[in-house]
Each structure stands twice: as C-alpha cells, then as structure tokens.
Amino acid sequence: MELKQKLEILADAAKYDASCASSGTDKRTSTNGKGIGSTTGMGICHSYAPDGRCISLLKILLTNFCVYDCVYCVNRVSSNVPRARFSVDEVVNLTLSFYRRNYIEGLFLSSGIIRNPDYTMEQVVEVARVLREVHDFRGYIHLKTIPDASPELMVRAGLYADRLSINVELPTIASLQSLAPEKDGKAIRRSMGQLRLKIEESKEKTLTGKRPPRFSPGGQSTQMIVGADSTDDRAILDTSANLYGAFRLRRVYYSAFSPIPDASNMLPLKAPPLVREHRLYQADWLLRFYGFDAEEIITGQDGMLDLDVDPKTAWALQHREQFPVDLNRAPKAMLLRVPGLGVTSVARILAARKVRAIRYDDLTRLRLSLKKVLPFVVLPDYHPGRSLDDNHLKQRLQQPVPSQQFALF
Ligand code: SF4
C-alpha cells in the first residue's frame, strides 16, 4: 500500500481522539479544484502549550489493526474498515519531512493493539527514540500509551515524550467492563499512578543537586467518551475530580460519542448533543481553576448539566441569595463565582481595586461581558436592583446554541 494511502487511513482513524481535536465549523474543501484550503482534511491537528501557544501536530495511528473488540471503537477487530500499518521508519520520515516543510511542530502518536500491548508499545516508543536519539528531533511528542504494557516500556516512553496519555475510555469501570471487556479499568488507573510517581520523581532534585532525567514534562492526560453509556454528568465529573486528585492529570478530555457503522445494539443510535461536551469542559474548568467541587456544579435533579446556560451561571441562578457581589470588597473565591468573571479578569479586578474603587465605567475597560456580569454585582455607582428576582433572568442569559459537530461518517 502506498504511503499516501496509509496516511489517509491512519490520520482519519486518529480523529476519534479528542486530546487535540478541532471541530465546529462548516465542511469546506478545495479537492474539486476550486478555491484553496479545506476544513475536512485529517492528519494535522492543533494542541495548546501551557503558555497558550498553538502547536500543530501530525496526528496519526501507527496502525488501526487491533486485536481488541471495544464496541464503541471503529477500529475494533470486528469492524469492517480499511486497515493500514506504518513502519517505525515511515512515521519517523513523515514526521521529519512534515516538520522540515514547516507543516507541523510535533507528533501525536496513538495505535491499535497489534499482537499484544508490549509489542505495540515497543513500536510506539521506538518511533520516539529514533526521532530523539537518531535525528535529535526537538519538536513536541505526545504518545498515547497502552495501559497493559510493561512499566519499563512506560518509563522509556516518558524519557522521549513531552506528554503521555492513557485513555480511561469510559467514565466508570463498570461501563468499561461492559463495552470493552478486554480492558481493565483498575490496570489503567495503576498505570496512571506509576506515571504520576515517575513525573514527580523527575522534578525532584537529587542529593547532588542534579535533576533526574526528564520524564514527560508536559505531564499526563486522559480522555473519556461521553454518551456511549448512560453515565450522567455528575458521575463523569466525580470521575474527573478523582483522576485530577489521584493522578495529578494535566487534562481530562471529553469526547462526545459518535455513532459508528455496524454498531453493536449496546450503543445509542444517536450522538449526544455537542453542547453537552462543551458544558463538561466548562465544568471541568470550574473544578480546576475556580474552586468548585464536583458535587455543587451539577444543579439539575437528573444529575445532568444545564445545557441552556454555562455551569457557573447555572450555579449562580440557583444561589441568588449569595448575590449581588461587591466587586470592591468580595474575596477572590467569591469573585471567581461571579458569571462572566474569568481567572484573568478577577486578577485584574484585585489589582485595580488596590489603587482605587472600581466603578461602572471600569467594567468595559476590564473587557467584561456586561450582560453576564451586571445582574450579579454591585458597584459604588451601580446596583442590579431587582434583576436577581427576575423569573426570566435565565432566558436573558442564554447564549445561542453552539455550532453542530461534524458527523464523523
Ligand atoms: S484497544 Fe483501542 S483501538 Fe483497539 S478496539 Fe479498543 S479502543 Fe479501539
């Protein structure tokens, strides 16, 4: 099979991994010879560095052959899809030639499981080793690790990769047992625990003052599929909170389940609304940066996030007695709970009010969304009056429904 054909199959097969996916625009292409550019091509995706830089990555699978039969996966052994497999050298050469052409700044490599987890992981690690040791590649490398692979291989992967990830796949161990019986949820968490120890060890200084070898300096992340089973948002956020706490993950990625061809009847026929995935990301942000607990973020009786408004606004609407908040006096923890105030704007408010009182006109200078903020704050020259008692406040704060996700088939 030609390299280009392999690239088409294995870049397309990698699109299910949300760790660095981009979506939500119209389908456009110039493959008919008209125009220039395309929004439908696979293979190069974007990820964000901790400092906010956007990094383009060659995102591919080493192979989409797989001996496992996870029912939610298009690459499962029983799936009827075209298959392909790269050699180690092919991935290395593709990465280097894309890099030299300035198409990418790094590689995101995942794989189906061929023969057994150790054999697959050896191949994945070998790609990273050759890039780093033979070609002195300084670009970004993100490796998806195989949870059942031996700890020694995980350690080697961490020496070459900037970031490692292990997918928990589904929000609960019970769902994983039912939809991916060959996978072991406890083993996945054990591997995450081992990675956490190695990542932490690599940051400690030794007695001689020297640092141990670098190990996955970008930390570890995971992904879970949302909507393939009946787990509600409360349980999903509980799982995320546990993963962040127990394994110090950098990110949990949420990927809305996308129906696959010839699917098992254990799966839903329809994808969940994309806005659910969006709300989970917003809720995840509240967990990590805004001091919210998983239990308080869910405001609905059904254990689900409110799809009409973002989770912070939903919380504020349910706790109206705690508002309006005085922007000049409230502690930081309360400012972070005001709808429309982000971590950066709260920092700006705290700095500005040390110099003088913040007034209504300053809100525009601080680039705040007045529509969101005004019902919940009080200033020396502004009071929201009875707007918090308004039964239509939620409707007034609703935003237009975000764009629909591309169908994956
Ligand atoms: S192990 Fe990975 S690639 Fe294989 S079927 Fe399961 S999810 Fe798909």
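Please read these numbers as outputs of a predicted model, since none were measured by experiment.

Peer 1: I keep staring at the overall build of the chain and nothing clicks. Help me out?
Peer 2: Counting its regular elements, the chain contains 15 helices and nine strands. Its C-alpha atoms give the chain a radius of gyration of 23 Å, within 12% of the compact-globule value 22 Å for 409 residues. Expressed as lengths along the three principal axes of its C-alpha atoms, the size of the chain is roughly 70 × 60 × 50 Å. By sequence separation, contacts in the chain at least 24 residues apart represent 66% of the contacts at least 6 residues apart. Approximately 20,300 Å² of the chain is accessible, and the part contributed by carbon and sulfur atoms is 52%. Put simply, the chain has 56 plus and 45 minus side-chain charges, and the middle of one group is 6 Å from the middle of the other.

Peer 1: Explain the site of the ligand to me, please; I cannot follow it from the model alone.
Peer 2: The local shell around the ligand consists of C66, Y68, C70, C73, R76, G112, I113, E169 and K183. A class-by-class count of the residues in the shell around the ligand yields five nonpolar, one polar and three charged.

Peer 1: Whenever I open this one, the environment of A352 confuses me. Can you help?
Peer 2: Positionally, A352 belongs in helix α12 (residues 343-355). Exposure remark for A352: the relative accessible area of 31% places this residue in the partly exposed category. Once the C-alpha coordinates of A352 and D284 are considered, the two residues, 68 residues apart in sequence, prove to be 28 Å apart.

Peer 1: Hey, could you run me through the nonpolar core in this one?
Peer 2: The tendency in soluble globular proteins is for nonpolar side chains to be buried as a group. Counting 113 residues, the largest nonpolar core has Y72 and L237 as the members making the most contacts within it. Broken down by element, this core gets its largest block of residues, seven residues, from helix α3 (residues 117-134). Those residues in contact with L237 that sit more than four places away from it in its chain are Y254, L280, A283, D284, L287, A294, I297, I298 and L305. Counting five residues, the second-largest nonpolar core is a separate cluster that includes I55, L57, F108 and Y140.

Peer 1: Sorry, what's going on with the packing of helix α1 (residues 3-12) against helix α2 (residues 88-100) here?
Peer 2: For any two helices packed against each other, one specifies the crossing angle of their axes together with the interaxial distance. Following both chains from N to C, one finds α1 and α2 inclined at 90 degrees, their axes separated by 12 Å at the closest point. For the element pair α1 / α2, the angle class is roughly perpendicular. Residues L3, K6 and L7 of α1 pack against E90, L94 and F98 of α2. Of the residues belonging to the contact of α1 with α2, the class tally is four nonpolar, no polar and two charged.

Peer 1: Hey, could you run me through the pattern of salt bridges in this one?
Peer 2: Where side chains of opposite charge bring their charged atoms close, a pairing between them can arise. What the rule picks out here adds up to 22 salt bridges. D284 is paired through a salt bridge with R288; the nearest N and O atoms lie 2.8 Å apart. Taken together, the residues span about one helical turn, with D284 and R288 both in helix α8 (residues 274-289) at a distance of four residues. Under the relative-accessibility criterion, R288 is labelled partly exposed at 22%. The salt bridge involving K394 is made with D306; its shortest N-O contact spans 2.7 Å. Taken together, the positions of K394 in helix α15 (residues 393-397) and D306 in the loop between α9 (294-297) and α10 (311-318) put the pair 88 residues apart, joining distant regions of the chain. With relative accessibility at 25%, the residue K394 sits in the partly exposed group. On the accessibility criterion, D306 (21% relative accessible area) is partly exposed.

Peer 1: What's the story with the pairing of strand β3 (residues 106-110) in this structure? I'm lost.
Peer 2: On a regular strand, each side chain points to the face opposite its neighbour's, so the side chains alternate between the two faces of the sheet. Extensive coverage of β3 is indicated by the burial of five of its five residues. The alternating pattern of β3 places G106, F108 and S110 on one face and L107 and L109 on the opposite face, and all of these are buried. The pairing of strand β2 (residues 54-61) with β3 spans five bridges and is parallel. Looking at the pairing, K59 lines up with F108 of β3.

Peer 1: Looking at this structure, I do not really get α10. What am I missing?
Peer 2: Helical periodicity: at 3.6 residues per turn, an α-helix aligns residues three or four positions apart in one direction. Here α10 lies mainly inside the structure; seven of its eight residues are buried. Of the residues making up α10, those classed as buried are P311, K312, T313, A314, W315, A316 and L317. Elements that come into contact with the buried residues of α10 comprise α8, α9, α14 (370-373) and α15. Backbone nitrogen of K312 and a side-chain oxygen of the N-cap are separated by 3.1 Å at the start of α10; the cap is D310.

Here is what the cut-offs are and how they apply
- Residues numbered from 1 in each chain as written.
- Predicted model: local features only at pLDDT ≥ 70, side-chain atom pairs only at ≥ 80, totals over all residues.
- Heavy atoms only, no water.
- Helix = DSSP H or I, 4+ residues; strand = E, 2+ residues; numbered from the N terminus.
- Rg over C-alpha atoms; globule rule 2.2 N^0.38 Å.
- Contact = heavy atoms within 4.5 Å.
- Areas by Shrake-Rupley, 256 points an atom, 1.4 Å probe, with all protein chains shown as cover.
- Lys, Arg positive; Asp, Glu negative; His and termini not counted.
- Charge placed at Lys NZ, Arg CZ, Asp CG, Glu CD.
- Near = heavy atom within 4 Å.
- Nonpolar A, V, L, I, M, F, W, Y, C, P; charged D, E, K, R; others polar.
- Buried < 20%, exposed > 50% of the residue type's maximum accessible area, 1.4 Å probe, protein only.
- Core = buried A, V, L, I, M, F, W, Y, C linked by side-chain atoms within 4.5 Å.
- Axes fitted to C-alpha atoms, helices over the stretch in contact; angles between N-to-C directions.
- Parallel < 35°, antiparallel > 145°, perpendicular 65-115°, else oblique.
- Salt bridge = Lys/Arg side-chain N within 4 Å of Asp/Glu carboxyl O.
- Pairing = 2+ DSSP bridges.
- Polar contact = N/O pair within 3.5 Å; in protein donor to acceptor, adjacent residues only side chain to side chain.

Everything listed here is a matter of geometry and, on its own, says nothing about what the molecule does.
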